[in-house]
Amino acid sequence: MDIIQAMKERKSVRSYSSQPLSREQVALLQEAVKQSYTLFGGHITIKLKRFDIDGDFKPSTYGVIKGASDFFLMGIANDEASALTAGFQFEQVVLKAWQMGLGTCWIAGTYKGSQFDKDEKWPDGESLKIICPVGIPEKQRLFEKVMRFTVGSNNRKPFSELFFEGNFNQPLNPESKFGESLEMLRLAPSSTNSQPWRVIVKDNTVHFYYKPKSPIAVLDMGIGICHFYETEKYNGYEGNFEKTEDAPTPPDDLKYLISYKRK
């Protein structure tokens, strides 16, 4: 399975086989963490940890996850660069897990005092912000199907509502030079399927904006930009990210984040 197929097919998994990951799977996932990278700076730490779900494992924010015993834990510093890096870097690991036939599910929240954060030490300035089960997917429970339907997990806004050419009044043609890379961004997961991303394309530059409704909107942007950049790489393109003063001024409900220039 190539990276494009993984982006198209990957979905959140909340029901898992009670079978823990094998040593080989753990080793491959740990290598995926080592190989993951960022272009945005910041400070994050990714750990893979096993919990005894048949013992005294009583996490305070376990949510609707069932059966998983292996979890990624992510410590993130409290700044924009770290939030952007968290989404961008960890989504690489999530996609690798899917290519291995494993399921995952991003979960954001406060884990202070939970079993997830018990005895864990994080670098100065970082704290546990994300957990993510990883394991062999089981058949979806009815509750999951209802929840996915309620939040519209399978629905994405149309291309024409997210991506624009030159200004926010002119929808971008899906057949444009950045069409496939932006389509993969469009398919990216986000908190409660909020899809905060908006984009203006001018010549060889892509300007990224977001709706700041959620406290993890920038992290969501990192996930989407990961999809965009990995597609650029897959298709043999090179480019750089930077903040620029030349980005078009957005409407009041959007914030400018960063720009990408293809070489």
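Residues numbered from 1 in each chain as written. Predicted model: local features only at pLDDT ≥ 70, side-chain atom pairs only at ≥ 80, totals over all residues. Heavy atoms only, no water.

A. Seen up close, helix 6 (residues 179–186). Judged by how many residues are buried, helix 6 sits mostly within the fold: six of eight residues are covered. For helix 6, the complete set of buried residues consists of G179, S181, L182, M184, L185 and R186. Looking at the buried positions of helix 6, the neighbouring elements they touch are helix 1 (3–9), helix 5 (159–162), strand 6 (163–165), strand 7 (197–202), strand 8 (205–210) and helix 7 (217–234). (Buried < 20%, exposed > 50% of the residue type's maximum accessible area, 1.4 Å probe, protein only. Helix = DSSP H or I, 4+ residues; strand = E, 2+ residues; numbered from the N terminus. Contact = heavy atoms within 4.5 Å.)

B. Examining the environment of F163 more closely. Relative to the assigned elements, F163 resides in strand 6. Measuring from C-alpha to C-alpha, the distance between F163 and F208 comes to 9.5 Å, with 45 residues separating the pair along the chain. F163 has contacts with P171, L172, L182, L185, R186 and V199, leaving out every residue within four places of it along the chain.

C. Summary view of the sheet that holds strand 9 (residues 239–242). The mixed open sheet is built from five strands, whose spatial order is 6-7-8-10-9. The open sheet has two free edges, formed respectively by strand 6 and strand 9, since each of these has just one partner strand. Averaged over neighbouring strand pairs, the angle between their axes works out to 20 degrees when direction is ignored. As paired strands, strand 6 and strand 7 are joined by three bridges and run parallel to one another. Among the inter-strand pairings, F163 is bridged to a residue of strand 7, identified as V199. (Pairing = 2+ DSSP bridges. Axes fitted to C-alpha atoms, helices over the stretch in contact; angles between N-to-C directions.)

D. View of the pairing of strand 8. The buried fraction of strand 8 amounts to six of the six residues, a majority that puts the element mostly inside the structure. Residue alternation in strand 8 divides its side chains into two sets, T205, H207 and Y209 and V206, F208 and Y210, and both sets are buried. For strand 7 and strand 8, the ladder comprises six bridges, and the chain directions are antiparallel. Residue pairing for strand 8: W197 is matched across the bridge by Y210. Between the end of strand 7 and the start of strand 8, which pair antiparallel, lie two residues, with D203 showing a positive phi angle near 55 degrees. Relative to strand 10 (residues 255–262), strand 8 is paired through six bridges, and the arrangement is antiparallel. Among the inter-strand pairings, Y210 is bridged to a residue of strand 10, identified as K255.

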